[in-house]
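# Topology and contacts: notes
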Amino acid sequence: MASLGVEAEQEPLLGHSIPGSREWDIIETEEHYKSRWRSIRILYLTMFLSSVGFSVVIMSIWPYLQKIDHTADASFLGWVIASFSLGQMVASPIFGLWSNYRPRKEPLTVSIFISVAANCLYAYVQVPASHNKYYMLVARGLVGFGAGNVAVIRSYIAGATSLQERTSSMANTSACQALGFILGPVFQTCFALIGEKGVTWDTIKLQINMYTAPVLLGAFLGILNIILILTVLREHRVDDSGRQCKNINFEEASTDEVQVPQGNIDQVAVVATNVLFFVILFIFALFETIVTPLTMDMYAWTREQAVLYDGIILAALGVEAVIIFMGIKLLSKKVGERAILLGGLIVVWVGFFILLPWGHQFPKIQWEDLHNNSIPNTTFGEIIITLWKIPREDHNEGPTGCPVEQAWCLYTPMIHLAQFLTSAVLIGIGYPSCNVMSYTLYSKILGPKPQGVYMGWLTASGSAARILGPVFISQVYAAWGPRWAFSLVCGMVVLTITLLGVVYRRLIAFSVRHGRIQE
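Cut-offs used in this document
- Residues numbered from 1 in each chain as written.
- Predicted model: local features only at pLDDT ≥ 70, side-chain atom pairs only at ≥ 80, totals over all residues.
- Heavy atoms only, no water.
- UniProt positions renumbered as here; feature names shortened; annotations may be inferred.
- Helix = DSSP H or I, 4+ residues; strand = E, 2+ residues; numbered from the N terminus.
- Contact = heavy atoms within 4.5 Å.
- Areas by Shrake-Rupley, 256 points an atom, 1.4 Å probe, with all protein chains shown as cover.
- Expected span 1.5 Å × (residues − 1).
- Buried < 20%, exposed > 50% of the residue type's maximum accessible area, 1.4 Å probe, protein only.
- Disulfide = S-S within 2.5 Å.
- Core = buried A, V, L, I, M, F, W, Y, C linked by side-chain atoms within 4.5 Å.
- Domains from an automatic or database assignment.
- Phe/Tyr/Trp six-rings, centres within 6.5 Å; stacked < 30°, edge-to-face > 60°.
- Lys NZ or Arg CZ within 6 Å of the ring centre and 35° of its normal.

- The name an unreviewed UniProt entry assigns to the protein is Major facilitator superfamily domain-containing protein 8 isoform X1, from the organism Neophocaena asiaeorientalis asiaeorientalis.
- You can read under Subcellular location (unreviewed entry) in the UniProt record for the protein the words "Endomembrane system".

## Considerations on the overall build of the protein
- Per the secondary structure count, the protein includes 17 helices and 4 strands.
- Relative to all contacts within the protein whose residues are 6 or more apart in sequence, the contacts with residues 24 or more apart total 82%.
- Entry remark: accessible area of the protein is about 21,300 Å², with carbon and sulfur atoms responsible for 66%.

## Details of helix α6 (residues 132-146)
- The end-to-end C-alpha separation of α6 is 21 Å, in line with the 21 Å expected for 15 residues at 1.5 Å each.
- For α6, the set of buried residues is N132, K133, M136, A139, R140, G141, V143, G144 and G146.

## Description of the state of the cysteines
- Throughout the structure, instances matching the rule amount to 1 disulfide.
- Between the sulfur of C402 and that of C409 lies a disulfide, 1.8 Å long from S to S. Torsion about the S-S bond of the C402 and C409 cystine: about -55 degrees, corresponding to left-handed handedness. Across the pair, C409 and C402 agree in class, each one buried.

## Quick word on the nonpolar core
- Core analysis: the biggest nonpolar cluster contains 76 residues, and F287, L294 and F352 have the highest contact counts within it.
- For this core, the secondary structure elements donating two or more residues are α7 (150-159), α8 (163-191), α10 (267-299), α11 (303-335), α12 (337-354), α14 (417-446), α15 (452-480) and α16 (482-503).
- Counting residues per element, this core draws most heavily on α10, at 19 residues.
- A domain split of this core shows at least three residues from each of domain 1 (28-244) and domain 2 (265-366 + 400-518).
- When neighbours within four sequence positions are excluded, L294 is seen to be in contact with L355, I415, F420, Y477, P482 and F486.
- Listed in part, the 49 residues of the second largest apolar core include Y122, Y156, I157 and V215.

## Topic: the packing of aromatic side chains
- For the structure on display, the rule yields 18 aromatic pairs.
- Seen from their ring centres, F282 and F472 are 5.5 Å apart, and the 50 degrees between their planes marks the pair as tilted. Note that F282 is positioned in helix α10 and F472 in helix α15, a separation of 190 residues in sequence.
- The exposure class assigned to F282 is buried, which follows from its relative accessible area of 8%.
- Assessed through its relative accessible area of 23%, F472 is described here as partly exposed.
- Centroid distance W408 to Y477: 5.1 Å. Interplanar angle 70 degrees. Geometry classified as edge-to-face. Taken together, the positions of W408 in the loop between β4 (402-403) and α14 and Y477 in helix α15 put the pair 69 residues apart, joining distant regions of the chain.
- Clustering of aromatic rings is evident, with ring pairs tying together F284, F287, F352, Y431 and F486.
- Geometry around Y439 places R154 over its ring, the cationic atom sitting 4.0 Å from the centre.

Below is the structure:
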């Protein structure tokens, strides 16, 4: 994890200086330089653990919910899944505002402590005699609330890096987040060996099994993370050129530090970037949601096959994303962030355009009623249910194919497997490129001033996208099928590209806009 920042650390600290200028004679000491990058690496780890906290239980929530409370249905599952993003959406601006006026250690420590407490609550949700599902809802919501520290992490890294270091650092942050999403389900799979019964610690009424062991590990890692933040993390802020700046967050100030440059932030660029970020996460959230129902409808995969094959596909996309994040650091130096963002959106559009059904071959029709084999017509929770509900009593998967209840199955051509895989690869290229470029540009637009609140709103917009994306695709896909669903997504991407074209010239760094640095 620590090695991810090495390349960024090797870049020049100050760029080209102007001899004889007092402000350019300020050079970062080696001690300050090492302390700054140690702190940034701690936040890489924090980002990694935050994403692990979301993904480590995602494949086991449904069976665990059924086990602890038989009154829980698919509709309630939707609320449990959405509670994480809802909690993060609420917390992000709060922690961001806090980090603007106090040392970042405070919101980081409190947020991680909330996540640790929430994980412990999740491990005990089976203990109460009733209303267990509501305890799980609260636990997942609090884990999401703790994950609101993503805004603090991004604002810290944006403020502690120069323009030359920014893209590389943001790419490393995204790579750590992607690794967390990849490895979380892997940890869950390893803990599955413990089984549902597991062992019980009667003294404290703690049951350690395949459902609770992952969150207990998360709580333990969270405690270690708090210790590292309290002992290693130091407050650092540099301007766009790499010079140390005075700031309210500093624990101690030096006479060598320069004042934060003054100037207005381009609010049009800020709003546009928030919209771009929302659309980017909205599109990927709906793609993740639709993968399992789509493959079951088009290729007549059983539930077991869909969970296995789609899990492999999503894991491969995660690995692809990490590679893209690393490659972006080099590519951005040659073509710039705006060009990569535009190119990424075009690639995403091509990916969804390829998904449009063509030809005269139709999917296999499922004439018998099979619950949860495809995307239902009711709630968000019932969409997600296919990822968890695997037969328990026997191995009879029942009929497969596109349910006749979905009228479009009778007249919509099938999406060939080659189409789907090609589309997945292209979306796997475009999404991470757009993701990291959008908040890299955002941090540069905001400049060296405290970015906590602004990063909080950006994170909140991403959380809202992860809530609304699955709801949108569930309704459109179930009612009208993939042709309408993906056509609407293509139209949405075209509008987003148009928006980017309109504000393209405004998406420049704060210091470039005010003439302090040449682009």
